[in-house]
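Listed below, chain by chain, are the residues.
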Amino acid sequence: MSRFWNPALAKLAPYVPGEQPRLSKLIKLNTNENPFGPSPHVVKALQAAANDSLRLYPDPHSHALAQAIGAYHGVDTSEVFIGNGSDEVLAHVFLGLLKHERPVLFPDITYSFYPVYCGLYDMAYHEVPVSAGMEIRVEDYAQPCGGIILPNPNAPTGIGLASAQIEALLVSQPDVVVVVDEAYVDFGGESVVPLVARYPNLLVVRTLSKSRSLAGLRVGYAIGHQDLIVGLERVKNCFNSYPIDRLAQAGALASFEDEAYFQHTRQEVMRLRAGLVASLEQRGFEVLPSQANFIFARHPRHDAAQLAARLRERSVIVRHFRHPRIDQFLRISVGKEEECAALVTALTDIVGPAGA
Ligand SMILES: *Cc1c(COP(=O)(O)O)cnc(C)c1O
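Residues numbered from 1 in each chain as written. Predicted model: local features only at pLDDT ≥ 70, side-chain atom pairs only at ≥ 80, totals over all residues. Heavy atoms only, no water.

Novice: Residue-level account of the pairing of strand S5 (residues 147-151), with values.
Specialist: Here S5 lies mainly inside the structure; five of its five residues are buried. Neither face of S5 is exposed, since Gly147, Ile149 and Pro151 on one face and Ile148 and Leu150 on the opposite face are all buried. The pairing of strand S3 (residues 104-107) with S5 spans two bridges and is parallel. Pairing of Val104 across the sheet is with Gly147, part of S5. Both S5 and strand S6 (residues 178-181) contribute to a ladder of four bridges, which runs parallel. Following the sheet pairing, Pro151 is matched in S6 by Asp181. Traced from S5 through helix H5 (residues 163-172) to S6, the parallel crossover comes out right-handed. (Buried < 20%, exposed > 50% of the residue type's maximum accessible area, 1.4 Å probe, protein only. Helix = DSSP H or I, 4+ residues; strand = E, 2+ residues; numbered from the N terminus. Pairing = 2+ DSSP bridges. Right-handed = clockwise from strand over helix to strand, strands pointing away.)

Novice: For the sheet that holds S5, give the residues involved together with the corresponding values.
Specialist: What links the strands of a sheet is backbone hydrogen bonding, and the strands pair in either a parallel or an antiparallel sense. Pairing within the open sheet is mixed, and its seven strands lie in the order S2-S8-S7-S6-S5-S3-S4. Bordering the open sheet on either side are strand S2 (80-83) and strand S4 (125-128), each of which pairs with just one other strand. This sheet shows a mean twist of 20 degrees between the axes of neighbouring strands, independent of strand direction. Along the sheet face, H5 touches S5, S6 and strand S7 (202-207) and points at about 160 degrees away from the line of S6. (Axes fitted to C-alpha atoms, helices over the stretch in contact; angles between N-to-C directions. Contact = heavy atoms within 4.5 Å.)

Novice: Go over unusual backbone geometry with me, naming the residues and quoting the values.
Specialist: Of note, the amide linkage connecting Asn152 to Pro153 takes the cis form, showing an omega dihedral of -5 degrees. Looking at the secondary structure, you find Pro153 in the loop between S5 and H5. In this chain, Ala155 is followed by Pro156 through a cis amide linkage whose omega measures 0 degrees. Locating Pro156 in the fold gives a position in the loop between S5 and H5. The phi torsion at Ser62 lies on the positive side, around 45 degrees, for a residue other than glycine. The class of Ser62 is buried, set by a relative accessible area of 2%. Its identity as a non-glycine residue notwithstanding, Met134 has a phi of 70 degrees, on the positive side. Mapped onto the elements of the fold, Met134 is located in the loop between S4 and S5. The exposure class assigned to Met134 is buried, which follows from its relative accessible area of 6%.

The structure is reproduced here in structure tokens:
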């Protein structure tokens, strides 16, 4: 606390992102980045955009990119909002669509940035417990509220909801915005984008960081009824008119032009995930059913914090959360074949071999 600060800063609890180690030898399975690089077509587009035009401001509406996203999802450009990473989209969503007199609802086990935005914007929120099996029960959200947000698949559990369950939620809560954060949906989940046409209270948030291997470019977007998008544009234009720089617009657009690469890499991640789940289960881990590019696992005889520390001694970093309900779990991002193998070798060293 400094006497120069806005006094409200002292009370905030900022989000703590997963470690980005400076040591490059570490096997990084802690922040759900894609193990594969972006499409070569994206890299070429970025190189081509690195020219004299950078002296000019970018298109404030990212029009070409919005058109590509609209075409990809079969929605109108007026139903697309683009932000500097989905974290920025979410920030505008909390302020512009979820801040009402009644509290916003989200699961108790979920993306830990949600309560941070509530703190920043001084919003009331209510955490709805997930079941003992870590599942979101949509019927628990049928209560008075100012809005609802949930990731699908959920993070950090990786468990997905069927689109019919989210539709039931939309029907039961027609008077508030329901935000579905689909950061991981491309790894086997069921998207609710097709429901946008029928539910004006549905907003779907997406990111290019995970399934399109572009965490470093910072592009995310939302799809929803025009009324919601116009609201988000109002917030954005009170904050930063040019959140998506020229390089990001060019690179993101190119990503949507290389469907084959996208399909191939996401299938590879799902294949590697299945192998990783089998290896961990053989070594006594309980692994929650994942539709994401990470798995959430615990071992009945090994403390998770200690496991994480011992993995780190073996140059593998995974994510451990100190939340009481999940402090015996590790969240492990799916890496390349050799990274998964190194993790399994390190775990074998610690917990013993398969079948032991
Ligand atoms: C990674 C993640 C985000 C943020 O993605 P960016 O687009 O990189 O800001 C949002 N929501 C969830 C659930 C995530 O896991």
